[in-house]
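Take a look at the letters that make up each chain.
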2 protein chains.
Amino acid sequence: MVKDELDRSPLSVVLVEDNRILREGWVTTLKLEPDIAVAGDYSSCEQLLASPVLHVADVILLDIELPGKSGIEAIPLILSLRPQAIIIMVTMHEDDQHLFDAICAGAIGYLVKMSSALDLAGAIREAVAGGSPMTPNVARRVIDYFHPKSRYLPRQNELSEQDLEVLNHLGQGKSYAAIAKVMFLSVHGVRYHIRQIYEKLQVSSRGEAVAEALEQRLIRPPT
Amino acid sequence: MVKDELDRSPLSVVLVEDNRILREGWVTTLKLEPDIAVAGDYSSCEQLLASPVLHVADVILLDIELPGKSGIEAIPLILSLRPQAIIIMVTMHEDDQHLFDAICAGAIGYLVKMSSALDLAGAIREAVAGGSPMTPNVARRVIDYFHPKSRYLPRQNELSEQDLEVLNHLGQGKSYAAIAKVMFLSVHGVRYHIRQIYEKLQVSSRGEAVAEALEQRLIRPPT
DNA sequence: TTGCATACTACCCGAGTGGGTAGTAATGGA
DNA sequence: TCCATTACTACCCACTCGGGTAGTATGCAA
């Protein structure tokens with residue numbers, strides 16, 4: 001927690017957005033909030049990275065499409081200078097590529113600009129309170145990442161329960177022998193299932209199989 | 001979309017919760033909403049699975065800790081009978097294990113019971129509109145799943161840029177030869193980096209390396 | 001200049017892995 | 001009853017992978 005509930009000093013918020021109209025509108029809106037102080041607003045990441053304000057920022061609202069460095073490229077640079085900063089993307093891009101690039105880089109929230117009720121102040125407070133503000137559709141796509149792909153739909157690659165168990169062990173880097181041991185099978189039995197897996201997944205090595213299985217969410221990603 | 005915006009017929013909502021007081025409270029609350037119809041309320045998953053109501057349910061609010069089958073175990077069974085159902089967990093369990101078990105199984109929302117402002121009706125509407133209702137802390141933990149672990153903190157396992165690139169290719173199931181080709185190295189050069197990786201990650205096979213790298217979010221999980 | 005670390009290239013060798021093939025016990029129809 | 005499928009066990013063989021070891025070019029620092 002950068003600020004706790006008893007801390008009455010306003011949150012130091014920074015905006016990076018190249019559209020001047022939008023940016024000034026947001027600054028104006030946020031200035032009405034007593035618990036939020038706009039410490040700076042910039043039209044490019046380079047300006048933010050060069051500013052001393054970065055080193056006191058609590059929350060950074062970041063556009064993606066910007067002149068010069070993109071917002072996503074800037075995230076690691078920002079976090080290396082100010083690790084405790086809370087970065088919330090505010091963007092027009094609703095596609096998975098930008099979304100996952102941003103959160104993998106370290107963004108904590110992701111708001112779509114044209115969303116009907118874009119509540120910047122609310123999102124800032126939610127993020128500071130330990131949440132992750134997201135537009136509803138964005139939240140759904142993040143959750144969908146974990147969902148099994150088409151497991152409850154007409155199944156094509158009918159992996160048996162045993163196949164799946166072997167696949168899970170493969171994903172944990174176990175050798176044939178190790179898998180045989182825990183599954184009470186001979187090494188040949190393990191190979192039997194692995195051959196089934198390779199054929200059904202259309203691959204020809206353990207690495208490819210694990211990659212494909214993760215892709216299709218056939219095995220649970222490590223938690 | 002199970003119901004579109006023009007559809008004025010109420011949403012068919014089902015509750016599974018073993019605490020009678022809580023359940024009846026929720027039923028009463030939801031009955032006040034004109035766009036929501038409580039089609040059934042049950043104290044166990046077995047009851048729901050045996051009920052014909054399941055086959056017309058739009059949204060299912062599901063507790064985790066229940067007599068008999070747990071809510072999480074019930075998810076695949078429910079979805080195999082009613083794939084279009086939207087499942088929202090309503091539970092006391094805030095730990096990662098239950099959370100990720102639930103969303104990996106197919107839950108679309110995850111609400112913590114004792115949350116200060118538990119808005120069931122709002123959550124139901126958000127889920128039906130294509131969102132994923134989550135308590136703020138839950139959302140943060142889902143997002144944290146994608147965040148690099150301690151990459152911006154004192155780094156111990158100093159993997160070089162080249163090491164990381166090799167690691168990424170390993171994660172995609174590529175062979176030494178294939179990696180050598182795309183990185184313009186000899187196979188020996190690839191082996192050099194892989195040895196570095198194994199030593200720094202304290203592992204001794206490609207499988208373990210990939211598992212460990214995913215665990216530490218050193219490489220991006222597949223999208 | 002020497003010394004040292006980094007980023008490779010290179011060879012040997014044994015264990016692990018994958019493809020081909022075949023045999024067997026159990027199960028379930030037709 | 002016969003036939004087919006499933007779930008193994010089993011052997012052969014070539015290739016990949018991982019550990020040990022060593023050589024080399026580059027750069028950096030004392």
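Residues numbered from 1 in each chain as written. Chains lettered and ligands numbered in written order. Predicted model: local features only at pLDDT ≥ 70, side-chain atom pairs only at ≥ 80, totals over all residues. Heavy atoms only, no water.

(A) The relation of the copies chain A and chain B, seen in detail. Laying chain A over chain B is done by rotating through 180° and shifting 0.0 Å along the axis; what remains is an RMSD of 0.2 Å. Given the turn and translation reported, the copies of this chain are related as if by a two-fold rotation axis. Rotation axis and chain A: the residue whose C-alpha lies nearest the axis is Gly207 of chain A, separated from it by 3.5 Å. A symmetric contact is evident, with 100% of the interface residues of chain A recurring at the interface of chain B. (Least-squares fit on C-alpha atoms with pLDDT ≥ 70 in both. Contact = heavy atoms within 4.5 Å.)

(B) Layout of the interface of chain A and chain B. Chain A puts 45 residues into the contact, and the matching count from chain B is 46 residues. Summing the contributions of chain A and of chain B, the shared interface buries around 4000 Å²; its carbon and sulfur component is 62%. Counting the contacts that link chain A with chain B gives 2 salt bridges. The salt bridge involving Arg220 of chain B is made with Asp101 of chain A; its shortest N-O contact spans 2.0 Å. Joining chain A to chain B, the criterion identifies 10 residue pairs in polar contact (both at pLDDT 80 or more). For the side of chain A that touches chain B, the secondary-structure elements that each account for two or more residues are helix H3 (71–81), helix H4 (96–105), helix H5 (120–128), helix H6 (136–144) and helix H10 (206–215) of chain A. Within the side of chain A that touches chain B, the residues separate by chemical class into 24 nonpolar, 14 polar and 7 charged. (Buried area = accessible area lost by both parts, 1.4 Å probe. Salt bridge = Lys/Arg side-chain N within 4 Å of Asp/Glu carboxyl O. Polar contact = N/O pair within 3.5 Å; in protein donor to acceptor, adjacent residues only side chain to side chain. Helix = DSSP H or I, 4+ residues; strand = E, 2+ residues; numbered from the N terminus. Nonpolar A, V, L, I, M, F, W, Y, C, P; charged D, E, K, R; others polar.)

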